[in-house]
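# Structural description and commentary
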Amino acid sequence: MRTNLETYRVAHPDSDTWIVYFPWTSNPLPMNGSHGGWRTHSRKAKAVRQHAVQLLTQFAKIPALGRCSAQVTWWVSTTRVRDVDNLADLEKRLFDAIVIAGVVEDDRPELMDKPRAVIRHIRDSDGMLTGPGFTLTITRIPEATDAR
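Source: prediction; values computed, not measured.

## Things to note about the pattern of salt bridges
Overall, the coordinates contain six salt bridges when judged by the stated rule. In this structure, Asp85 and Arg116 form a salt bridge, with 2.3 Å as the shortest nitrogen-oxygen distance. Note that Asp85 is positioned in the loop between β3 (68–76) and α3 (88–100) and Arg116 in the loop between β4 (112–113) and β5 (118–121), a separation of 31 residues in sequence. Overall, Asp85 belongs to the partly exposed group, its relative accessible area being 43%. Arg108 is the partner of Glu110 in a salt bridge, and the nearest nitrogen-oxygen pair spans 2.8 Å. A relative accessible area of 47% means that Glu110 is categorised as partly exposed. Of the residues examined, Arg108 reaches a relative accessible area of 33% and is grouped as partly exposed. Linked through salt bridges whose partners overlap, the residues forming this network are Asp106, Arg108 and Glu110.

Below you can see the structure in the form of structure tokens.
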């Protein structure tokens, strides 16, 4: 049975956190191997970015945040060893989508904290997922207050 996150693609566990689910069972933008040349790769990258923008604007409805943290998690169902470095291109497209969706002004470090992607087994999802996929967790970072 699918979870709410898998069904609706978005969860909002608290007032400062949004989780967006992507049902890709494998990395749609792998950095290893030949995948059809630059045109094919460019087309896939654009499709990933557009899909993410759609989810962020139409379903997640994340307001403009001054600063945020964004982390990609790949949820897998096997214990095969995977390389987190292979997710760099996917991370870039998802972070660009956050900017295009108007969540933050830019993805520079002052506005968006980008911890490394993580790869976790679905049994560690605490029931959040029942099958493999990707999540993008966006968390508001409170604005620094002027301490005088």
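What follows picks up the thread again.
## With respect to the packing of helix α2 (residues 37–60) against α3
Angle between the axes and distance between the axes are the two parameters that describe a pair of packed helices. Look at α2 against α3: their axes get within 8 Å of each other, and the N-to-C directions meet at 45°. Considered as vectors, α2 and α3 are oriented oblique to each other. α2 and α3 meet at a crossing whose hand is right-handed. Of the residues in α3, those in contact with His41, Ala45, Val48, Arg49, Ala52, Val53 and Leu56 of α2 are Asp89, Leu90, Arg93, Leu94, Asp96, Ala97, Ile98 and Ile100. Of the residues assigned to the contact of α2 with α3, the class counts are 10 nonpolar, one polar and four charged.

## Quick notes on α2
Along its 24 residues, α2 runs 33 Å from first to last C-alpha, staying within 8% of the 34 Å computed at 1.5 Å per residue. Within the span of α2, buried status applies to Ala45, Val48, Ala52, Val53, Leu55, Leu56 and Ala60. Packed against the buried residues of α2 are β1 (10–14), β2 (17–22), α3 and β6 (133–140). Following α2 by one or two positions, Lys61 has its phi on the positive side, about 50°.

## Here we look at the packing of aromatic side chains
Tallied over the full model, the rule gives three aromatic pairs. Centre to centre, the rings of Phe22 and Trp24 are 4.8 Å apart; their planes meet at 10°, and the pair counts as stacked. Where Trp74 meets Phe134, the ring centres are 5.2 Å apart and the plane angle is 15°; that geometry is what we call stacked. Placement of Trp74 in strand β3 and of Phe134 in strand β6 is noted, with a sequence separation of 60 residues between them. Assigned by exposure class, Trp74 and Phe134 land together as buried. Three or more aromatic residues link up through ring pairs in this structure, and these residues are Phe22, Trp24, Trp74 and Phe134. In this arrangement the basic side chain of Arg82 is found over the ring face of Trp74, its NZ or CZ atom lying 5.3 Å from the centre.

## So, the environment of Glu6
Note on placement: Glu6 falls in helix α1 (residues 4–8). The class for Glu6 is buried, based on a relative accessible area of 2%. The spacing of Glu6 and Leu129 is 123 residues in sequence and 6.7 Å in space, taken between C-alpha atoms. Those residues in contact with Glu6 that sit more than four places away from it in its chain are Tyr21, Leu129, Thr130 and Gly131. Looking at Glu6, its side chain comes within polar contact range of the main-chain nitrogen of Thr3, at 2.9 Å. A polar atom in the side chain of Glu6 sits 2.8 Å from the side chain of Thr130.

What counts and how
Residues numbered from 1 in each chain as written. Predicted model: local features only at pLDDT ≥ 70, side-chain atom pairs only at ≥ 80, totals over all residues. Heavy atoms only, no water. Salt bridge = Lys/Arg side-chain N within 4 Å of Asp/Glu carboxyl O. Helix = DSSP H or I, 4+ residues; strand = E, 2+ residues; numbered from the N terminus. Buried < 20%, exposed > 50% of the residue type's maximum accessible area, 1.4 Å probe, protein only. Axes fitted to C-alpha atoms, helices over the stretch in contact; angles between N-to-C directions. Parallel < 35°, antiparallel > 145°, perpendicular 65-115°, else oblique. Left-handed = near helix turned anticlockwise from the far one by under 90°. Contact = heavy atoms within 4.5 Å. Nonpolar A, V, L, I, M, F, W, Y, C, P; charged D, E, K, R; others polar. Expected span 1.5 Å × (residues − 1). Phe/Tyr/Trp six-rings, centres within 6.5 Å; stacked < 30°, edge-to-face > 60°. Lys NZ or Arg CZ within 6 Å of the ring centre and 35° of its normal. Polar contact = N/O pair within 3.5 Å; in protein donor to acceptor, adjacent residues only side chain to side chain.

Take it as geometry only, folks, not as evidence of what the structure does.
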